[in-house]
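Fold and geometry: a report
This is what each chain is made of:
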Amino acid sequence: IKILAIESSCDETSAAVVVNGREVLSNIIYSQIDIHTLYGGVVPEIASRKHIEKVNQVIRTALKEADCTLDDVDAIAVTYGPGLVGALLVGVGAAKAISYAKNIPLVGVHHIEGHIAANFIEDKTLEPPFMCLVVSGGHTHLVKVTDYGQFEILGVTRDDAAGEAFDKVARAIGLGYPGGPKVDKLAKEGNPDAIEFPRAKISDSAYDFSFSGLKSAVLNYINQKEMKNEEINRADVAASFQKAVTDVLTEHTIYAARKYGMDKIALAGGVASNSALRASMKAACEKAGIQLYYPAPILCTDNAAMIGAAGYYEFIKGTRHGLDLNAVPNLKLGER
Ligand code: ATP
Ligand code: MG
Ligand code: FE
């Protein structure tokens, strides 16, 4: 089964052709990062306009690179939420137009379900059930994946998402947008034990997260140093902050896997490409006898191939959407 997938929820315009949810024939990603960098973050109106400019070209290229035409496509999968409403509408509109014109079944996909499904592309043998840590720009979820497209959300962030914390700290130490990869790089030159930043514990849940206290602690540290006219070692700040984030993420995920008797853990979302998170999860999983999975960096951040993988499993379960499919900016995981 060949799926044409479209993703436009934030600042990447992407289209892909994926076979049976696992084999990627093409995965074209047009990133708008250069434009949004000028403003220090994603500007929704600009994102929508750029999606409109690029979407047709990206779809055409994806089909061409996969050496197929719309007549070879069995279904169209498209992200319909969560994300920026104006951005989502561009992908949804394009998918509906093709579905109508060519009479191809339409499958709306949850963006986070896509991030999780990126693991199915990376490791062709991975099957549910497994524990999944979703760490992206807007979400931090600890999810028990009970079956394809079936989720039990154990924990969420109470405030900032992990990626959001990376981006805000990056801005504070002058690294610019998007901050995650830049903090990752700079942290390699710093000492992760140089500064003791807080690890938030949430009293009534072992699975929830909180990163706004950590972010404030970093900002306070920087302000105090500046007030005293002391030099700031930015690499130490980056490394120590990153360690505080990855410690908490690792600890909670391992704890959840143990509690639920899971011998597999998968990472998903942009922050899953963080080298310190991968290293700390790897060490902890080895110690606990748990198998660890994570997608290649290009499959961690937004891309359409992951939507094609999730779309395939929805398609074979019988999920179909009509031409009344709409963008749902705050769509919850597991909702239709
Ligand atoms: P969501 O998926 O929640 O809607 P999004 O699509 O904007 O949000 P992703 O594309 O999954 O998020 O990931 C982008 C985020 O990942 C950004 O916050 C970015 O800083 C972060 N990120 C990317 N690479 C790294 C890295 N190496 N280390 C830490 N963070 C990273
Ligand atoms: Mg993005
Ligand atoms: Fe995303």
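As the structure is a computational prediction, the values presented were derived from the model and not from experiment. (Residues numbered from 1 in each chain as written. Chains lettered and ligands numbered in written order. Predicted model: local features only at pLDDT ≥ 70, side-chain atom pairs only at ≥ 80, totals over all residues.)

1. A closer look at the nonpolar core
What counts is decided by this rule: The term nonpolar core refers to a group of buried residues, namely Ala, Val, Leu, Ile, Met, Phe, Trp, Tyr and Cys, whose C-beta atoms join them within 7 Å. Exposed residues have 12 or fewer other C-beta atoms within 10 Å of their own C-beta, buried residues have 20 or more, and residues in between are partly exposed; the C-beta atoms are placed from the backbone. What counts as a helix is a DSSP run of H or I of at least four residues, what counts as a strand is a run of E of at least two, and both are numbered from the N terminus. Residue pairs qualify as contacts under a 7 Å threshold applied to their C-beta atoms, which are placed from the backbone.
Within the largest apolar cluster, 103 residues are counted, with the highest numbers of intra-cluster contacts made by A5, A15, A16, C132, A305 and A309. Looking at this core element by element, the count peaks at 11 residues for helix α8 (residues 234-259). Residues in contact with C132, not counting those within four places in the same chain, are I116, V143, V145, A266 and A268.

2. Considerations on unusual backbone geometry
For the bond from P128 to P129, the omega torsion is 5°, close enough to zero to count as cis. Structurally, P129 can be placed in the loop between α4 (111-122) and β6 (130-135). Of note, the bond from Y177 into P178 is cis; its omega dihedral lies within 30 degrees of zero at -10°. Along the chain, the position of P178 falls in the loop between α5 (162-172) and α6 (179-187). Phi is positive for N20, which is not a glycine, with a value near 50°. Within the secondary structure layout, N20 lies in the loop between β2 (12-19) and β3 (23-31). One non-glycine residue, D67, adopts positive backbone phi at about 60°. Considering the arrangement of structural elements, one finds D67 in the loop between α2 (44-65) and β4 (75-81). Using a count of 10 C-beta atoms within 10 Å as the deciding quantity, one classes D67 as exposed.

3. Examining the site of ligand 1
To keep things clear, this is the line we draw: What makes a residue near a molecule or strand is its C-beta atom, placed from the backbone, lying within 6 Å of it. Gly counts as polar in this scheme, as do all residues outside two lists: the nonpolar Ala, Val, Leu, Ile, Met, Phe, Trp, Tyr, Cys and Pro, and the charged Asp, Glu, Lys and Arg.
The environment of ligand 1 is made up of 24 residues, and the closest members are G137, G138, G163, G180 and G270. Of all the secondary structure elements, the ones that give two or more residues to the shell around ligand 1 are α4, α5 and α6. Of the residues forming the shell around ligand 1, the biggest block, four residues, is contributed by α6. For the shell around ligand 1, the residue count by class is five nonpolar, 16 polar and three charged.

4. Some points on the UniProt feature "binding site: Fe cation" (unreviewed entry) in the chain
Quick reminder of the rule: UniProt positions are given in the numbering used here, feature names are shortened, and annotations may be inferred rather than shown by experiment.
As recorded in UniProt, the feature "binding site: Fe cation" (unreviewed entry) lies at H111, H115 and D302. In sequence the annotated residues extend across 192 residues, while in space they remain close, none of their C-alpha pairs exceeding 8.8 Å. Following the sequence through the fold, H115 ends up in helix α4. Here H115 is in contact with V134, S136, A268, G269 and M306, once residues within four sequence places are set aside. Here D302 lies in the loop between α10 (297-300) and α11 (304-317). A count of 26 C-beta atoms within 10 Å places D302 in the buried class. When near neighbours in sequence (up to four residues on either side) are disregarded, D302 contacts E7, S9, C10, E12 and S14.

5. Thoughts on the sheet that holds β6
Here is the rule we go by: Pairing between strands is defined by DSSP: at least two bridges between them are needed. A fitted line through C-alpha atoms serves as each axis, taken over the contacting stretch for helices, and the angle formed by two N-to-C directions is quoted from 0 to 180°.
The five strands are arranged β8-β7-β6-β9-β10 in an open sheet whose pairing can be described as mixed. The strands lining the two open edges of the sheet, one partner per strand, are β8 (150-156) and β10 (291-293). When strand polarity is set aside, the average angle formed by the axes of neighbouring strands in this sheet is 25°. Bridge analysis of strand β7 (residues 140-147) against β8 gives six bridges, and the strand direction is antiparallel. Across the sheet, the residue bridging to D147 is Q150, located in β8. This element, α4, spans β6, β7, β9 (264-268) and β10 of the sheet and lies at about 120° to β9.

6. Remarks on the environment of M262
Counting through the fold element by element, M262 comes out in the loop between α8 and β9. Exposure remark for M262: the 18 C-beta atoms within 10 Å place this residue in the partly exposed category. In the structure, M262 is positioned 51 residues away from Y313 in sequence and 22 Å away in space, judged by C-alpha atoms. M262 has contacts with P129, F130, M131 and A257, leaving out every residue within four places of it along the chain.

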